[in-house]
Amino acid sequence: MSAAVELVELGRVHGDVVALAGVDLTVPAGSCVAVLGPSGSGKSTLLRLLAGLDVPSTGVVRLDGVDQSGVAAERRGAALVSQRPLLFPHLSVLDNVAFAARVGGASRRAARAGAGEYLDLVQLGGLGRRRTGQLSGGQAQRVALARALAARPRVLLLDEPFSALDSVLRADMHALLATVRAELAPTVVLVTHDQDEAALLADTVAVLTDGHLLQHGPPAQVYTRPASMAVHRVMGGRTAVPGTVRTGVHHSDLGALAVAGAPDGAGLLVLRHESVQLGGDVAGTVAAVTPRGPRRLLEVHVGTAAVFVEVPPGPGPSVGDEVALTVPVEARWVVPPGSPDPDVVDGRPRA
Ligand SMILES: Nc1ncnc2c1ncn2[C@@H]1O[C@H](COP(=O)(O)OP(=O)(O)OP(=O)(O)O)[C@@H](O)[C@H]1O
């Protein structure tokens with residue numbers, strides 16, 4: 001029930017706006033890729049082209065090796081669930097889910113029986129007779145997922161389906177998606193703004209900005225080994241320290257830090273705030289403390305550099321305190337300076 005997805009040089013322009021610029025992406029059958037990127041980066045365009053709801057300007061979509069050019073949306077075996085569930089208001093919940101089977105020619109009874117199984121899967125077995133207007137946002141999103149699954153898609157396309165839900169419902173939907181993957185194994189393309197959601201749910205992460213695919217790999221790799229400053233930013237990275245690499249050592253206001261494999265020359269030392277620890281031999285001053293749920297994010301200035309450190313709940317340093325930091329060897333990664341990072345001025349985040 002799953003298809004390998006291949007995008008080859010896939011591009012879409014609208015007049016002089018480049019929505020997607022020659023993207024090459026391969027997703028093995030049954031796996032889940034999260035597409036991450038800022039607003040306007042081309043995520044929805046990619047999904048629409050995959051679904052057959054839009055036509056590429058260049059390149060092709062292949063499913064199981066078959067070119068989908070000219071194949072109508074309803075014949076691709078792809079089902080799309082969007083941020084706002086678009087349910088038929090005049091049908092009951094059960095008949096919404098039974099819709100695809102009815103259109104496919106099944107009897108009402110058979111379609112409803114099948115739909116009941118998908119409602120059970122999304123844990124809404126008891127709500128089949130309700131009108132869709134009587135559902136909560138989370139329930140409606142579950143029904144939309146059940147309806148998409150009832151069409152037995154080879155590829156499940158999820159366009160920020162959880163972003164309108166509160167954090168408890170979102171966690172429930174994450175668990176549900178894991179169940180769906182275990183039981184039905186569709187290939188999943190999940191568009192999200194949320195790098196934590198991507199890391200939790202996906203086998204790989206694809207980072208898009210300005211229509212370009214910047215990196216595609218396992219979440220841990222994209223998190224800790226970003227290909228560029230732009231990827232580091234999309235993945236929520238805050239620290240980027242300018243300096244120079246000479247024979248495997250990065251020299252900056254943080255001192256001389258060994259960085260295996262980095263080429264000689266100017267380079268930004270990028271660090272995850274989860275990896276930097278308090279205590280050590282890099283001395284700095286706390287410039288800001290920001291709550292992050294129960295944890296806190298310290299901005300520590302070391303010379304002209306700003307280093308972000310996430311610390312656990314409880315007593316800890318305040319603004320103005322002198323602190324010492326450790327930057328573990330495995331946390332160090334250098335990216336090319338490339339184009340200037342618009343969020344950083346003189347090594348520090350823009351005020
Ligand atoms: N029909 C259209 N006509 C003109 N420009 C368009 C059209 N559709 C999309 N675009 C432009 O293409 C770019 C990519 O849009 P897209 O909706 O794919 O981005 P996105 O990453 O999904 O954004 P968001 O996260 O805000 O939904 C944007 O600059 C957008 O304004």
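Residues numbered from 1 in each chain as written. Predicted model: local features only at pLDDT ≥ 70, side-chain atom pairs only at ≥ 80, totals over all residues.

Looking up the protein in an unreviewed UniProt entry gives the name ABC transporter ATP-binding protein, with the organism given as Rhodococcus antarcticus.

Draft legend 1. Summary view of the sheet that holds strand β19 (residues 333-335). Pairing is antiparallel across the open sheet formed by 5 strands, whose spatial order is β13-β12-β11-β14-β19. Among the strands making up the open sheet, the edge pair consists of β13 (255-258) and β19. Within the sheet, the average angular offset between the axes of one strand and its neighbour, ignoring direction, is 45°. Two elements, strand β11 (residues 239-246) and strand β14 (residues 265-271), share 7 bridges in a ladder whose sense is antiparallel. Looking across to β14, one finds that V245 is bridged to G265. (Pairing = 2+ DSSP bridges. Helix = DSSP H or I, 4+ residues; strand = E, 2+ residues; numbered from the N terminus. Axes fitted to C-alpha atoms, helices over the stretch in contact; angles between N-to-C directions.)

Draft legend 2. Broad picture of the UniProt feature "domain: ABC transporter" (unreviewed entry) in the protein. Taking the numbering used here, the UniProt-annotated feature "domain: ABC transporter" (unreviewed entry) corresponds to residues 5-235. As annotated, residues 5-235 comprises 37% helix and 26% strand, and the C-alpha atoms at either end are separated by 24 Å. (UniProt positions renumbered as here; feature names shortened; annotations may be inferred.)

Draft legend 3. Spotlight on the packing of helix α2 (residues 93-103) against helix α3 (residues 108-121). Axis separation between α2 and α3 bottoms out at 8 Å; the angle between their running directions is 120°. Taken together, the axes of α2 and α3 are oblique relative to one another. Regarding α2 and α3, the two cross each other, and that crossing is right-handed. Between α2 and α3, the contacting residues are L94, V97, A98, A101 and R102 on the first element and R108, A110, A111, R112, G114, A115, G116, Y118 and L119 on the second. Tallied by class, residues from the contact of α2 with α3 come to 9 nonpolar, 2 polar and 3 charged. (Parallel < 35°, antiparallel > 145°, perpendicular 65-115°, else oblique. Left-handed = near helix turned anticlockwise from the far one by under 90°. Contact = placed C-beta atoms within 7 Å. Nonpolar A, V, L, I, M, F, W, Y, C, P; charged D, E, K, R; others polar.)

Draft legend 4. Focus on the site of the ligand. Around the ligand sit H14, V17, A19, G37, S39, G40, S41, G42, K43, S44 and T45, and that is every residue in its neighbourhood. Sorting elements by how many residues they give to the shell around the ligand places helix α1 (residues 43-51) first, with 3 residues. Grouping the constituent residues of the shell around the ligand by class yields 2 nonpolar, 8 polar and 1 charged. (Near = placed C-beta within 6 Å.)

Draft legend 5. Examining helix α4 (residues 137-150) more closely. Over its 14 residues, α4 extends 20 Å from the first C-alpha to the last, a length consistent with the 20 Å expected when each residue adds 1.5 Å. Along α4, the positions that sit buried rather than exposed are A140, Q141, R142, V143, A144, L145, A146, R147, A148, L149 and A150. (Expected span 1.5 Å × (residues − 1). Buried ≥ 20, exposed ≤ 12 C-beta atoms within 10 Å, placed from the backbone.)

Draft legend 6. Spatial organisation of the pairing of strand β10 (residues 212-217). Bridging between strand β9 (residues 204-209) and β10 involves 5 bridges; their strand directions are antiparallel. Bridge assignment links A206 to a residue of β10, and that residue is H216. In this structure, the hairpin formed by β9 and β10 is closed by a connection of 2 residues, where D210 is found at a positive phi of approximately 50°.

Draft legend 7. Spatial organisation of the nonpolar core. One finds L50, L157 and V189 to be the most contacted residues of the largest nonpolar core, which totals 97 residues. Among the elements that line this core, the one with the most residues is α4, at 8 residues. When residues of this core are sorted by domain, at least three fall in each of domain 1 (5-220) and domain 2 (237-349). For V189, the contacting residues outside a window of four places in its chain are V5, V27, V33, V35, L47, L50, V155 and L157. (Core = buried A, V, L, I, M, F, W, Y, C linked by C-beta atoms within 7 Å. Domains from an automatic or database assignment.)

Draft legend 8. Layout of the packing of α4 against helix α5 (residues 167-184). Contact pair α4 / α5: the axes reach a minimum separation of 11 Å and the direction vectors enclose 15°. Classified by the angle between their axes, α4 and α5 sit roughly parallel to one another. As α4 runs across α5, the sense of the crossing is right-handed. Contacts between α4 and α5 involve G138, Q141, R142 and L149 from the former and L169, D172, M173, L176, V180 and L184 from the latter. Per-class residue counts for the contact of α4 with α5 are 6 nonpolar, 2 polar and 2 charged.

Draft legend 9. Region of the structure containing the sheet that holds β10. Strand order across the open sheet formed by 6 strands is β6-β7-β8-β3-β9-β10, with mixed pairing between neighbours. Whereas interior strands pair on both sides, the edge strands pair on one side only; in this sheet they are β6 (78-81) and β10. Taking each pair of neighbouring strands and ignoring which way they run, the sheet shows an average axis angle of 20°. Of the pairings in the sheet, the one linking strand β7 (residues 155-159) to strand β8 (residues 187-192) comprises 5 bridges and is parallel in character. Each bridged residue has a counterpart across the sheet, and for L158 the counterpart in β8 is L190. Each of β3 (32-36), β6, β7, β8 and β9 is contacted by α1, which is oriented at about 150° to β7, the strand it contacts most.

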